[in-house]
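# Tertiary structure, described
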Number of protein chains: 2
Amino acid sequence: MFKTLPGFREFLPEECRRRNFYFSQWRRNSRNYHFQEFDGPVLEPLELYEEKSGAEIREQLFCFTDKGGREVALRPEMTPTLARLVGPRLGALRKPIKWFSIGEQYRYERYQKGRKRAFYQYNADIIGEAGPAAEVELMALLIDSLCSFGLGEKDFAVRLSDRQLWIMYLRGLGIEEAQATSVLGVVDKLGREPEDVLEQKLEPLVGNEAAGLLKKMIAFSRQQSLDGVREMFRDSGIVMDELESRLENWNELLQGLQAMGLSSFVQIDLGIVRGLAYYTGFVFEAFDREKSHRALAGGGRYDNLLGMLSRKEAPAAGFGMGDVVLEDLLKEKGLLPKWVEETDVYVVGITPEERSVVLSAVRALRQVGFSVEYSLTGASPKKQFKGADEAGGRTLVVIGPEEREAGQVKVKDSRTRSEKTVSNKEMIACVHHILRGDPELD
Amino acid sequence: MFKTLPGFREFLPEECRRRNFYFSQWRRNSRNYHFQEFDGPVLEPLELYEEKSGAEIREQLFCFTDKGGREVALRPEMTPTLARLVGPRLGALRKPIKWFSIGEQYRYERYQKGRKRAFYQYNADIIGEAGPAAEVELMALLIDSLCSFGLGEKDFAVRLSDRQLWIMYLRGLGIEEAQATSVLGVVDKLGREPEDVLEQKLEPLVGNEAAGLLKKMIAFSRQQSLDGVREMFRDSGIVMDELESRLENWNELLQGLQAMGLSSFVQIDLGIVRGLAYYTGFVFEAFDREKSHRALAGGGRYDNLLGMLSRKEAPAAGFGMGDVVLEDLLKEKGLLPKWVEETDVYVVGITPEERSVVLSAVRALRQVGFSVEYSLTGASPKKQFKGADEAGGRTLVVIGPEEREAGQVKVKDSRTRSEKTVSNKEMIACVHHILRGDPELD
């Protein structure tokens, strides 16, 4: 009759527990890295995303006009919101600003593997640090976050690239900086779209040399070492000083990662340029080693975005990690925990006369923090014991006419089957005793 | 430049911590009551809300047409989504179904105190239990949730009413059940709109007796005891058997709350009827005792909604609690915790030569679960120590050339100022020692 809209997600209890598990691991890692959580509105002015994020985002915006005639969009990503929020507060906040967020984000695109119209994303960003130390911190957090789910260096790698190197290289090929962003949009599609299609896309940007340039760009995108990069630059006859100065940043970044013990997770791969137009320096993406999934996470430096969105300039870098590809990979690797719906205590009343003392015991046990279940309808004792089984109650509290009259309850360990009759006052201590895991009641 | 849309909310770190505090208290209480968390999409088909929720909701929907030509709305409440999700799964789920959710919800209305266009709501529902035992469980959860923030019976009360009693009473006044829902829509506005306006709204529903009927309805709405209700029924000459049978349900509900020790939180108040059209029985709202705020929470029984939305009939009841009024009240009562942004450990490197060992120590400490901060830029020692102060680091790990060469670190308790030089391997144990709260290093 009524269905969930295409591409949107519903979280039944088991899925919701999984989702909350991702959230809590992300939060725990962020705390270890001393990042502060923030959140922004789910709906933003459309213009916040126009142009700044590039064509890739614009086509996929879930946008509409609200009743007040405003053009608005469901947030497709968090970074513009972050830049908008931090900009006006830049002076007051202690720097570097290390913030993270966990929130649902929305893209209006065709439904496909690893992509939905609604997905959760974990974002971590550092604002106010221009050097590669920010990238070290972010890439380490990204890697440790994935590792906290049980993934290791055999399961995933972070591919590291650099739009500054690309822009230098393109300049060597005669492509000016004004065109470079659009040309990188074409580079981003390498391997995903046929070469003749890319050539066609390149032509309006670089004229009729498109075919030859595309070949050189493909060669550059295949570089997986700094020596390889040097080689390609030497061939193109560019001023090497600028290159060497940039390679010093590379060394700082790679040495930082090495000091953190993370080198084995990192691969140089100039094929990564990231789709979003606002990136300005290092960019990186995490992939499963088999590359059978889309990127697990991606990010990079975006030094101009705050200036564009808030008139306050500040260097910045960050990454985002979605829950959809992560979950696919965790499933594939057998790393998804199985949750069992279990209550701590189940309270049984033998006759309807026990109703009041059952309710009183239930609340008393809940107030000290136990998860407590009981039969709402006061069904037959047989049905109640079955209910206790189904609820997975480790401890049974049973009250019959005898116990009620004596102001007592029977407390039973459902695993060892041992039981003990205690006064109402001793009930809580007795339940504690069982749930602490002691094998026998004394 | 770019601003948050009117009525939408941004959560800077302090606000975000507050929000997460509400979430964690709501989750903890739900777990104690053995409710399972679920979540639904933020966007739903418009028709899910049309008619079922009544005029109050329809006027306030944040709705639009998506790119695919679908009429959709940002969810204004969670109950229709719950009914839609549970309906098709009714057979497979263990009953009663006890589910809760925490999510942002949206209403397109004028900005006013205690109301925003976006707000978080905690919802708890029981599906599959027709008797008042469900209401006992829900009202107890509602009360304990508010108490878990430090509020007590002096701060708030739950006002309890009954649309079944109202419908019976209206029938006695000659108003048929078909009109009753619309008439209750008018009752809902008592005290909030002038009587002559309400009389005008009543006229199309009941004809020219509106003035007299309104007076009787006002008298009925003022009843605050079951004896008072009996009195009013006696005057109107209705069959009393039906009334007495309903009052037995009332007794069951009130006795259950008494057994749980919650009577002092509950007030009978027939003035509550709830705006949403789908309620069918008991309804309740929690208010601060001074009634200087809007309702903190509200809910009731909605036995027909599953049938309307999923073609599967099932009795159901639930409540919702928003974060906005709750926060206003907690502020007023001085019950909002102050959070201090604090890291466990701050690692200082005296010269740039220590960079690698600093990074290595940082990651080692993070890996065992400490929150660790350090200077990204490797500033002067003075600036680093200042940074450690600002980050509130309880423990300092200091590495200078001497320590580096000896494979050691200096660990310092920033409160007692005691310090100790230990090997790299002993660092973690030593930090544990300080953070466990022992006053002195030995």
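What counts as what
Residues numbered from 1 in each chain as written. Chains lettered and ligands numbered in written order. Predicted model: local features only at pLDDT ≥ 70, side-chain atom pairs only at ≥ 80, totals over all residues. Heavy atoms only, no water. Helix = DSSP H or I, 4+ residues; strand = E, 2+ residues; numbered from the N terminus. Rg over C-alpha atoms; globule rule 2.2 N^0.38 Å. Buried < 20%, exposed > 50% of the residue type's maximum accessible area, 1.4 Å probe, protein only. Areas by Shrake-Rupley, 256 points an atom, 1.4 Å probe, with all protein chains shown as cover. Lys, Arg positive; Asp, Glu negative; His and termini not counted. Charge placed at Lys NZ, Arg CZ, Asp CG, Glu CD. Disulfide = S-S within 2.5 Å. Least-squares fit on C-alpha atoms with pLDDT ≥ 70 in both. Contact = heavy atoms within 4.5 Å. Salt bridge = Lys/Arg side-chain N within 4 Å of Asp/Glu carboxyl O. Domains from an automatic or database assignment. Axes fitted to C-alpha atoms, helices over the stretch in contact; angles between N-to-C directions. Parallel < 35°, antiparallel > 145°, perpendicular 65-115°, else oblique. Nonpolar A, V, L, I, M, F, W, Y, C, P; charged D, E, K, R; others polar. Expected span 1.5 Å × (residues − 1). Buried area = accessible area lost by both parts, 1.4 Å probe. Polar contact = N/O pair within 3.5 Å; in protein donor to acceptor, adjacent residues only side chain to side chain. Phe/Tyr/Trp six-rings, centres within 6.5 Å; stacked < 30°, edge-to-face > 60°. Lys NZ or Arg CZ within 6 Å of the ring centre and 35° of its normal. Pairing = 2+ DSSP bridges. pLDDT = per-residue confidence, 0-100. Patch = residues over 30% accessible without salt bridge, like charges linked within 9 Å, V, L, I, M, F, W, Y side chains within 5 Å. Arc of directions from axis to C-beta. Left-handed = near helix turned anticlockwise from the far one by under 90°.

## Thoughts on the overall build of chain A
From N to C terminus, chain A includes 16 helices and 16 strands. Taken over C-alpha atoms, the radius of gyration comes to 29 Å for chain A, far larger than the 22 Å a tight globule of 442 residues would show. Each principal axis of the C-alpha atoms in chain A carries an extent, and together these give about 95 × 55 × 45 Å. In chain A, which comprises 442 residues, the proportion classed as buried is 57%. Roughly 18200 Å² of accessible area belongs to chain A as shown, and the carbon and sulfur atoms make up 46% of that amount. In chain A, 62 positive and 68 negative side-chain charges are present, and the distance between their average locations comes to 4 Å.

## What to know about the state of the cysteines
Inspection of the entire model under this criterion finds zero disulfides over all chains. Here Cys63(A) stays unpaired: no disulfide links it, and the sulfur of Cys63(B), its closest cysteine neighbor, is 16 Å away. Judged by relative accessible area, Cys63(A) falls into the partly exposed class, the value being 23%.

## Observations concerning the relation of the copies chain A and chain B
Overlaying chain A on chain B yields an RMSD of 0.1 Å, the required transformation being a rotation through 180° with an accompanying axial translation of 0.0 Å. Expressed as a symmetry operation, the mapping of one chain copy onto the other fits a two-fold axis. Considering only C-alpha atoms, the residue of chain A closest to the rotation axis is Phe64(A), which sits at 3.4 Å. Most of the interface of chain A is mirrored in chain B: 100% of its interface residues are interface residues there too.

## Some thoughts on the pattern of salt bridges
Summed over the entire model, instances satisfying the criterion amount to 69 salt bridges over all chains. Note that Arg18(B) is salt-bridged to Glu327(B), the shortest N-O span being 3.6 Å. Taken together, the residues Arg18(B) in helix α1 (residues 13–32) and Glu327(B) in helix α12 (residues 323–332) connect sequence positions 309 residues apart. There is no split in this pair, since Arg18(B) and Glu327(B) are both buried. A cluster of three or more residues bridged by salt bridges with shared partners is formed by Arg19(A), Arg27(B), Glu37(B), Asp39(B) and Arg75(B).

## What to know about the domain arrangement of chain A
Annotation of chain A at the domain level lists domain 1 (13–40 + 78–332) and domain 2 (345–435). For domain 1 of chain A versus domain 2 of chain A, the distance between C-alpha centres works out to 55 Å.

## Some remarks on the packing of helix α8 (residues 210–221) of chain A against helix α9 (residues 226–236) of chain A
All names here are of chain A. Between α8 and α9, the least distance of the axes is 10 Å, while the angle of their chain directions is 155°. Considered as vectors, α8 and α9 are oriented roughly antiparallel to each other. Two secondary-structure elements touch here, α8 through Lys216, Ala219 and Phe220 and α9 through Val229, Met232 and Phe233. Its residues placed into classes, the contact of α8 with α9 shows five nonpolar, no polar and one charged.

## Notes on α1(B)
Between its first and last C-alpha, α1(B) extends 28 Å over 20 residues, near the 28 Å set by a 1.5 Å rise per residue. Downstream of α1(B) by a residue or two, His34(B) has a phi angle that is positive, lying close to 60°.

## Here we look at the interface of chain A and chain B
With 97 residues of chain A at the contact, the number on the chain B side is 97 residues. In this assembly, chain A packs against chain B so that about 8000 Å² is buried in total across both faces, 56% of it on carbon and sulfur atoms. Looking only at chain A, the three residues that lose the most surface to chain B are Phe2(A), Arg363(A) and Leu376(A), adding up to 10% of its buried area. At the junction of chain A with chain B, the criterion picks out 16 salt bridges. Measuring nitrogen to oxygen at the nearest pair gives 3.5 Å for the salt bridge that ties Glu37(B) to Arg19(A). Linking chain A with chain B are 36 residue pairs in polar contact (both at pLDDT 80 or more). Looking at the side of chain A that touches chain B, its residues break down into 43 nonpolar, 20 polar and 34 charged.

## A closer look at the packing of aromatic side chains
Here the structure, examined in full by the defined rule, presents 47 aromatic pairs over all chains. Pairing Phe8(A) with Tyr106(A) gives two aromatic rings, centres 6.0 Å apart and planes at 25°, and the pair type is stacked. Remark: Tyr106(A) occurs in strand β5 (residues 97–106) and Phe8(A) occurs in the segment before α1 (13–32); sequence separation between them is 98 residues. We note that Phe8(A), like Tyr106(A), is buried. Among the aromatic residues, ring-to-ring pairing joins Phe11(A), Phe21(A), Tyr22(A), Phe23(A), Trp26(A), Phe100(A), Tyr120(A), Tyr122(A), Phe149(A), Phe319(A) and Trp339(A) into one connected group. Its guanidinium or amino end placed over the ring of Phe287(A), Lys291(A) lies 4.2 Å from that ring's centre, counting from NZ or CZ. Directly above the ring of Tyr108(B) sits Arg117(B), whose terminal nitrogen or CZ lies 4.1 Å from the centroid.

## Side note on the sheet that holds strand β8 (residues 266–268) of chain A
All names here are of chain A. The sheet built from eight strands is open, its strands ordered β1-β5-β6-β11-β10-β9-β7-β8 with mixed pairing. Single-partner strands in this sheet number two, and they are β1 (36–37) and β8. Contacting β7 (156–162) and β9 (282–288), helix α5 (residues 163–172) runs over the sheet at an angle of about 40° to β7. Against the sheet, helix α12 (residues 323–332) engages β6 (118–127), β9 and β11 (316–322), with an angle of about 50° to β11.

## Re the confidence of the model for chain A
Overall, the prediction assigns chain A a mean pLDDT of 92, with 97% of residues at 70 or greater. On the interface metric, ipTM, the complex scores 0.93, and its pTM is 0.94.

## So, the side chain of Asn123(B)
Within the secondary structure layout, Asn123(B) lies in strand β6 (residues 118–127). Those residues in contact with Asn123(B), other than ones at most four positions away along the chain, are Met78(B), Thr79(B), Trp99(B), Phe100(B), Ser101(B), Gln105(B), Phe319(B) and Gly320(B).

## Some details on a negative patch on the surface
Together, Glu47(A), Glu50(A), Glu51(A) and Glu71(A) line one region of the surface with negative charge. By the secondary structure assignment, Glu51(A) is in the loop between β2 (43–45) and α2 (55–59).

## A short note on helix α16 (residues 427–435) of chain A
Residue and element names in this part refer to chain A. Turning to α16, its buried residues number three or more, namely Met427, Cys430, Val431, His433 and Ile434. Buried residues of α16, seen end-on, are gathered within an arc of 155° and therefore sit on one face of the element. Its buried side turned inward, α16 meets β12 (345–349), α13 (355–367), β14 (395–399), β15 (408–413) and β16 (419–423).

## Some points on the pairing of β5(A)
All names here are of chain A. Burial within β5 is extensive, with 10 of its 10 residues counted as buried. For β1 and β5, the ladder comprises two bridges, and the chain directions are parallel. Bridge pairing in β5 places glutamine 36 opposite tryptophan 99. In this sheet, β6 lies alongside β5 in antiparallel orientation, the contact comprising 10 bridges. Bridging across to β6, phenylalanine 100 finds its partner in alanine 124.

## Side note on the packing of helix α13 (residues 355–367) of chain B against helix α16 (residues 427–435) of chain B
All names here are of chain B. Viewed as axis vectors pointing N to C, α13 and α16 meet at an angle of 55°, and their least axial separation amounts to 10 Å. In terms of their interaxial angle, α13 and α16 are classed as oblique. Where α13 crosses over α16, the handedness of that crossing is right-handed. Note on element contacts: α16 touches α13 through Met427, Ile428 and Val431, opposite Ala361, Ala364 and Leu365. Among the residues making up the contact of α13 with α16, the classes are represented as six nonpolar, no polar and no charged.

## Focus on the environment of Phe62(A)
By secondary structure assignment, the location of Phe62(A) is in strand β3 (residues 62–65). Setting aside anything within four residues of it in sequence, one finds Phe62(A) in contact with Phe8(A), Val72(A), Ala73(A), Leu74(A), Arg107(A), Tyr108(A), Arg117(A), Leu43(B), Phe64(B) and Asp66(B).

## Description of the environment of Val357(B)
Residue and element names in this part refer to chain B. Along the chain, valine 357 turns up in helix α13. Remark: the alpha-carbon pair of valine 357 and asparagine 424, spanning 67 residues in sequence, is separated by 9.5 Å. The contact partners of valine 357, leaving out residues within four places of it in the chain, are Ile399 and Arg404.

## As for unusual backbone geometry
Looking along the chain, the bond that leaves Lys95(A) and enters Pro96(A) is cis, with omega of 0°. On the secondary structure map, Pro96(A) appears in the loop between α3 (79–86) and β5. A positive phi angle is found at His34(B), which is not glycine, with a value near 60°. By the element assignment, His34(B) lies in the loop between α1 and β1 (36–37).

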